[in-house]
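Chain and residue survey
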Amino acid sequence: MAAFLSGAGLFLMTFTLAPFQGTYDPDPTAVKDGNIVNQLGYLALGGVYLFAMLLIVDARVLKRIASPTWGVVFAIAFVSCLQSYDPASSARGLMLSLVAMILVAGVLVLPRSEKDFVKAGANAVLFLILIDYAALVLAPGLAIHTASGAEPWHAGFWKGHLIHKNVTAPVFSVLCMFGIYCLRAGATVRGLLIALLAANFVLHTGSKTTIGFLPLAIMLVLGGRAVGKPGLMVFTHFIFATLIFCLTLGTIYSNLFLSITTVLLEDPTFTGRDDIWKFASTSIPDHLWVGHGYASFWQSPIIRGLEANFEANWDVRGIVSGHNSYLDAVLTFGQPGGLLMILLLFVKPFYDYMRATGRPASRHFADFCIMVIIFMTYNGMMESFLLNRADPMWLMTALAVFGLGIAARMGVRMPH
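What counts as what
- Sequence order sets the numbering: in each chain, residues are counted from 1 along the sequence as written.
- For this predicted model, a pLDDT threshold of at least 70 governs which residues receive local features, and a threshold of 80 or more governs which side-chain atom pairs are given and counted, while totals over whole chains, interfaces and linings are taken from all residues.
- With hydrogens and water stripped out, all remaining heavy atoms of the structure feed into the side-chain values.
- Salt bridge, as applied in this entry: a Lys or Arg side-chain nitrogen positioned within 4 Å of an Asp or Glu carboxyl oxygen.
- Residue exposure (1.4 Å probe, protein chains only): buried if accessible area is under 20% of the type maximum, exposed if over 50%, otherwise partly exposed.
- To get an axis, fit a line to the C-alpha atoms, keeping to the stretch in contact for a helix; angles then go from 0 to 180 degrees between the N-to-C directions.
- In DSSP terms, a helix is any run of H or I states spanning at least four residues, a strand is any run of E spanning at least two, and both are numbered starting from the N terminus.
- Less than a right angle of anticlockwise turn of the near helix away from the far helix marks a crossing as left-handed, whereas a clockwise turn marks it as right-handed.
- In what follows, residue pairs with any heavy atoms lying within 4.5 Å of each other are defined as contacts.
- Polar here means any residue outside two lists: the nonpolar Ala, Val, Leu, Ile, Met, Phe, Trp, Tyr, Cys and Pro, and the charged Asp, Glu, Lys and Arg; Gly therefore counts as polar.
- Working rule for helices: expected span equals 1.5 Å times residues minus one.
- Throughout, the term roughly parallel applies to angles under 35 degrees, roughly antiparallel to angles over 145, roughly perpendicular to angles from 65 to 115, and oblique to all others.

1. Here we look at the pattern of salt bridges
- All chains considered together, the criterion is met by six salt bridges.
- Residue Arg60 is joined to Asp58 by a salt bridge in which the shortest nitrogen-to-oxygen separation is 3.0 Å.
- For Asp315, the salt bridge identified is with Arg317, shortest N-O distance 2.7 Å.
- Residue Arg317 is classed as partly exposed on the basis of its relative accessible area of 27%.
- Salt bridges here are not isolated pairs; linked through shared partners, they connect Arg184, Arg225 and Asp367.

2. Regarding the packing of helix α1 (residues 2-15) against helix α7 (residues 114-138)
- Contact pair α1 / α7: the axes reach a minimum separation of 8 Å and the direction vectors enclose 35°. The crossing of α1 and α7 is right-handed. Side by side, α1 and α7 meet where Ala3, Ser6, Gly7, Leu10, Phe11, Thr14 and Phe15 of the first sit next to Asp116, Phe117, Ala120, Gly121, Ala124, Val125, Phe127, Leu128 and Ile131 of the second.
- For the contact of α1 with α7, the class distribution of residues is 11 nonpolar, four polar and one charged.

3. What to know about the side chain of Thr210
- Topologically, Thr210 is positioned in helix α11 (residues 208-226).
- Since its relative accessible area comes to 2%, Thr210 is described here as buried.
- Leave out the neighbours within four places in its chain, and Thr210 touches Ala169, Pro170, Ser173, Val202, Pro215, Phe375 and Asn379.

4. Observations regarding helix α9 (residues 165-185)
- Between the first and last C-alpha of α9 there are 30 Å, a value that for 21 residues agrees with the 30 Å anticipated at 1.5 Å per step.
- Of all 21 residues in α9, 18 are buried, a share of seventy percent or more.
- Backbone geometry just downstream of α9 places Gly186 in the positive-phi region, at approximately 125°.

5. Looking at the packing of helix α6 (residues 87-109) against helix α19 (residues 392-410)
- At their nearest, the axes of α6 and α19 sit 10 Å apart, and the two run at 50° to each other. The orientation of α6 relative to α19 falls into the category oblique. Of the two possible hands of crossing, α6 and α19 adopt the one that is right-handed. Facing α6, whose interface residues are Ala100, Met101, Val104, Ala105, Val107, Leu108 and Val109, α19 presents Leu395, Ala398, Leu399, Phe402, Gly403 and Ile406.

Listed below in structure tokens is the structure:
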């Protein structure tokens, strides 16, 4: 039962409680009113998984999974709610993120061994992927972008059960990494199937940046493991992260970076993201120290009430995020809070990784987690997902950060 709950939790984190929503057509009112299915569904799941952990998991283990990292992250976020134009609404949204973390914890600590975790997770992920492939044939209007809706230029790209290809590509990238982990950890056939099927799905999403970031993250980790120098891998990653930052967000601050990006890429605007980044960047100084508040900037009454800028590629009045996790972190939580949150979620895990990888039994799991964090570090240059309620991109990132913290403190549990 414990392993089944772990696999079911992993399935629900990636499949979501509202799959196959059809045409992507953002509704500003829906974002702020919330989704009653998510609210009630994750509240119920949080209760189930909390009860299961209290019933099944040793109390000593439960005490040790508590981490100051997550206490600081959510403390910053809840304080930011006070800056929101609607503090109650922001707090409700953040509570959904907090409840979803119970599900993340349950997935990791309920299995009695790594073997149980791998077996249950492989079954769940393979089942999810097969559902999406079946949907491509049986319900292509739901699983493939069509010419109708807000973005007809995405017609033909696969999105599976998720709302948009830019969410599908990162999520299936993580599933591909999970397949590699299962392949290395004993579930050879299922792991290979997951990795190949998920990678093929990513290729059909048409997300060029994700298609580039996925093999980079995989090669960095497996390459570091092959040469026996994980520290070199960490150093190389931070070099790549700095370069990617300079050639993406850095282009709005430096003409030199913009010139280099223009030479290297066909579209140096990143499909108009640069206009969104410029607008967000100019809004940071208005609330430099405390931020604009959790879920309280994009599509707020102030932003929706602005006059249209016809020279920009995107109308910021309808944008749901800044399409850059780091920019949105500072915009939302203020400069001190945003930078601290970035350090805790994207830098500290590498310290945990170095501790966890010192235990031979934890290396496969630690490699999977750090692979996810490396990939999401790069993906964060293009998409915003930090503490984004039950967004599967955020939940998979949280799973990796939380998992590395556990592996660093306790190691991966071997069979009883």
